[in-house]
Amino acid sequence: MTTWSILEFTGVIAFAVAGALTGIQKKLDIFGVLVLAMTTAVGGGILRDVIIGNTPPLTFRDPTFFMISAVTTIVVCFTYRWLEKYKNMIQIFDAIGLGAFTATSANLAIQHNLNTLFIVTTVAVITGIGGSIMRDVFVKEIPYVFRQEIYAITTIVGAICFYYSQFYLTGAAQLYLCFCITTVLRLCCIKYQWNFPVIGIPSKDQAAKE
Amino acid sequence: MTTWSILEFTGVIAFAVAGALTGIQKKLDIFGVLVLAMTTAVGGGILRDVIIGNTPPLTFRDPTFFMISAVTTIVVCFTYRWLEKYKNMIQIFDAIGLGAFTATSANLAIQHNLNTLFIVTTVAVITGIGGSIMRDVFVKEIPYVFRQEIYAITTIVGAICFYYSQFYLTGAAQLYLCFCITTVLRLCCIKYQWNFPVIGIPSKDQAAKE
Amino acid sequence: MTTWSILEFTGVIAFAVAGALTGIQKKLDIFGVLVLAMTTAVGGGILRDVIIGNTPPLTFRDPTFFMISAVTTIVVCFTYRWLEKYKNMIQIFDAIGLGAFTATSANLAIQHNLNTLFIVTTVAVITGIGGSIMRDVFVKEIPYVFRQEIYAITTIVGAICFYYSQFYLTGAAQLYLCFCITTVLRLCCIKYQWNFPVIGIPSKDQAAKE
């Protein structure tokens, strides 16, 4: 097991935990909780593979990620009350996963001869946020990533760095550079609570002034 | 028309009826009711084909299933009040369809050289529940299969039997074995109202005790 | 830039405006508004390409449509209050786009050897309404095209004309015929407010009589 696998596994676990907790909160049955955890963990990667024509998806050919999600779900079912206290730690794991998935996906796009800045970035974003969008749609929520916190932008920045670094760096160094930039940026967003502005309907204060 | 086609057609009709009734209940217009019926009936199969790279999907190359769904929808539009009384019969048809689709899909996965227990099972589950998940998402419901009744598990059991039976049986026997196991198991779930437990927030009684 | 590109660009702009306005109304952040605009504008085409196996999708290989959607979104963010007054004009643009996309998609299906009336029509419908279905699902609405106004039918009529015209006309004439039929029919639907009937639950008046 390489260091890189460990980073990816960390991400799969964090994503599966987020999915399973959402399922429990929404009172799904055990099967629903399992599907939601798996969707969050591997949904983005499946979407990526289907869109770039890499079928059957990687996670179907090597079901390790599915297995990790399943085991994680079982553990979450027994520990979910206790997990609430470790939200910060889960967010850190999630940032690690986001970094690893961004680098892996950007790399996969280039390996499939989809080597333009735009595609590399889009493929990375779809992988990073696709799973959580599906999770939120399944439980009737407007996807979280569309509403709060800067999440996808960190993936975009990471993927852009990956794209340009290919002219200066080799394989592993490129992956780790992209991973570090994405993860550190995401952790900053969490720590300093950076949000995107919401456009539109003026707040009550503004409305009062007008 | 083979016996197998009849089983599949029964399933398509049952799925389309479920979709059309949902559409009517949610006050969609005729076009919406039609799309919902088709989505429920052939959506799972399309999802399966897109994921395993079998494009364009089978139902596009041979639109028989689409035609059956369309005709079913028209019939449902004229008879929906009367259909309410036959809910039990529709559930039996649905179980027949689930069994047939499970066997067909597991078989298709193996024909596409996706011959591992995990993939065969996942492909069967996606085909079995994919259509009804899409239906529920379209009408803003948390998918039924995540919340109530044991549904997908019968597909999983059927697909596992299909996978292992390939070492002992030939084509048709394998299909019918898988069909019988899935359908009978599903009928038992309906008859004895087997449900999965919902984890989590304790019920009021429990909360009172604590 | 050909006349045909101008028609398509008009459509992309109209679809992106509809998506961006929905996002602003639902109080998404800027990233959410951008994703919603892009989904509405290019989602249908991506869905089409994934289903017919034309991967990676055209819009990934030539990101012009994505760029147009992004620029449109930025413009909408600054002008959305003012745009409300031009709803009629946006509907006309939308009808132009629907016509252009229908013709392009029907043509693409035939180029991919999917030359049956059924597939050509289905592919055109998926392209025409796929993006707006995804938009509505993301913001927790039952898709608009399932509930009100005749929208998809105009695509169906256009695609059928495209299919039969291939026996009498050559490339460009075929495209423009299909475009004109779809767009004019859609404009009629808007002008005369043609709706599909909603089946089902009797209105209060009817219930009182019974």
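These numbers come from a predicted model, not from an experiment.

## Considerations on the relation of the copies chain B and chain A
Reasoning step 1: Expressed as a screw operation, the relation of chain B to chain A combines 0.0 Å of axial shift with a rotation of 120 degrees, fitting to an RMSD of 0.0 Å. As the rotation angle and translation indicate, the two copies are arranged about a three-fold axis. Measuring from the rotation axis to each C-alpha of chain B, the shortest distance belongs to B:Lys140, at 3.8 Å.

## Looking at the UniProt feature "transmembrane region" (unreviewed entry) in chain A
All names here are of chain A.
Reasoning step 1: The positions UniProt marks with the feature "transmembrane region" (unreviewed entry) are residues 6–24, 31–52, 64–83, 116–138 and 150–167.
Reasoning step 2: Secondary structure content for residues 116–138 is 96% helix and 0% strand, and the end C-alpha separation is 32 Å.
Reasoning step 3: Helix makes up 78% of residues 150–167 and strand 0%. Its end C-alpha atoms lie 28 Å apart.

## Comments concerning the UniProt feature "domain: Glycine transporter" (unreviewed entry) in chain A
Residues and elements named next belong to chain A.
Reasoning step 1: In the numbering used here, UniProt assigns the feature "domain: Glycine transporter" (unreviewed entry) to residues 6–80 and 92–164.
Reasoning step 2: With 85% helix and 0% strand, residues 6–80 has its two end C-alpha atoms placed 23 Å apart.
Reasoning step 3: Measuring from the first to the last C-alpha atom of residues 92–164 gives 26 Å, for a span that is 75% helix and 0% strand.

## Concerning the side chain of B:Thr72
Reasoning step 1: When you line up the elements, B:Thr72 lands in helix H4 (residues 64–83).
Reasoning step 2: Apart from the residues within four sequence positions on either side, B:Thr72 is in contact with B:Ile13, B:Ala16 and B:Val17.

## Considering helix H4 (residues 64–83) of chain A
Reasoning step 1: For H4(A), spanning 20 residues, the distance from its first C-alpha to its last is only 24 Å, which falls clearly below the expected 28 Å at 1.5 Å a residue.
Reasoning step 2: Of all the bends in H4(A), the greatest measures close to 60 degrees and is centred on A:Cys77.
Reasoning step 3: Of all the residues in H4(A), the buried ones are A:Phe65, A:Phe66, A:Ile68, A:Ser69, A:Ala70, A:Thr72, A:Thr73, A:Val76, A:Cys77, A:Tyr80 and A:Leu83.
Reasoning step 4: Tucked into the core, H4(A) has its buried residues touching helix H1 (3–25), helix H2 (30–52), helix H3 (58–61) and helix H5 (87–111) of chain A together with helix H6 (117–138) of chain B.

## Focus: the pattern of salt bridges
Reasoning step 1: For the structure shown, the criterion picks out nine salt bridges over all chains.
Reasoning step 2: A:Asp136 serves as the salt-bridge partner of A:Arg135, at 3.0 Å between the closest nitrogen and oxygen.
Reasoning step 3: By relative accessible area, which is 5% here, A:Asp136 ends up buried.
Reasoning step 4: Salt-bridge contacts for B:Glu141 lead to B:Lys26; the nearest nitrogen and oxygen are separated by 2.5 Å. With B:Glu141 in the loop between H6 and helix H7 (152–165) and B:Lys26 in the loop between helix H1 (3–25) and helix H2 (30–52), this pair connects stretches of sequence that are 115 residues apart.
Reasoning step 5: On the accessibility criterion, B:Glu141 (25% relative accessible area) is partly exposed.

Thresholds, definitions, all that
Residues numbered from 1 in each chain as written. Chains lettered and ligands numbered in written order. Predicted model: local features only at pLDDT ≥ 70, side-chain atom pairs only at ≥ 80, totals over all residues. Heavy atoms only, no water. Least-squares fit on C-alpha atoms with pLDDT ≥ 70 in both. UniProt positions renumbered as here; feature names shortened; annotations may be inferred. Helix = DSSP H or I, 4+ residues; strand = E, 2+ residues; numbered from the N terminus. Contact = heavy atoms within 4.5 Å. Expected span 1.5 Å × (residues − 1). Bend = angle between axes of the 7 residues up to and from the residue. Buried < 20%, exposed > 50% of the residue type's maximum accessible area, 1.4 Å probe, protein only. Salt bridge = Lys/Arg side-chain N within 4 Å of Asp/Glu carboxyl O.

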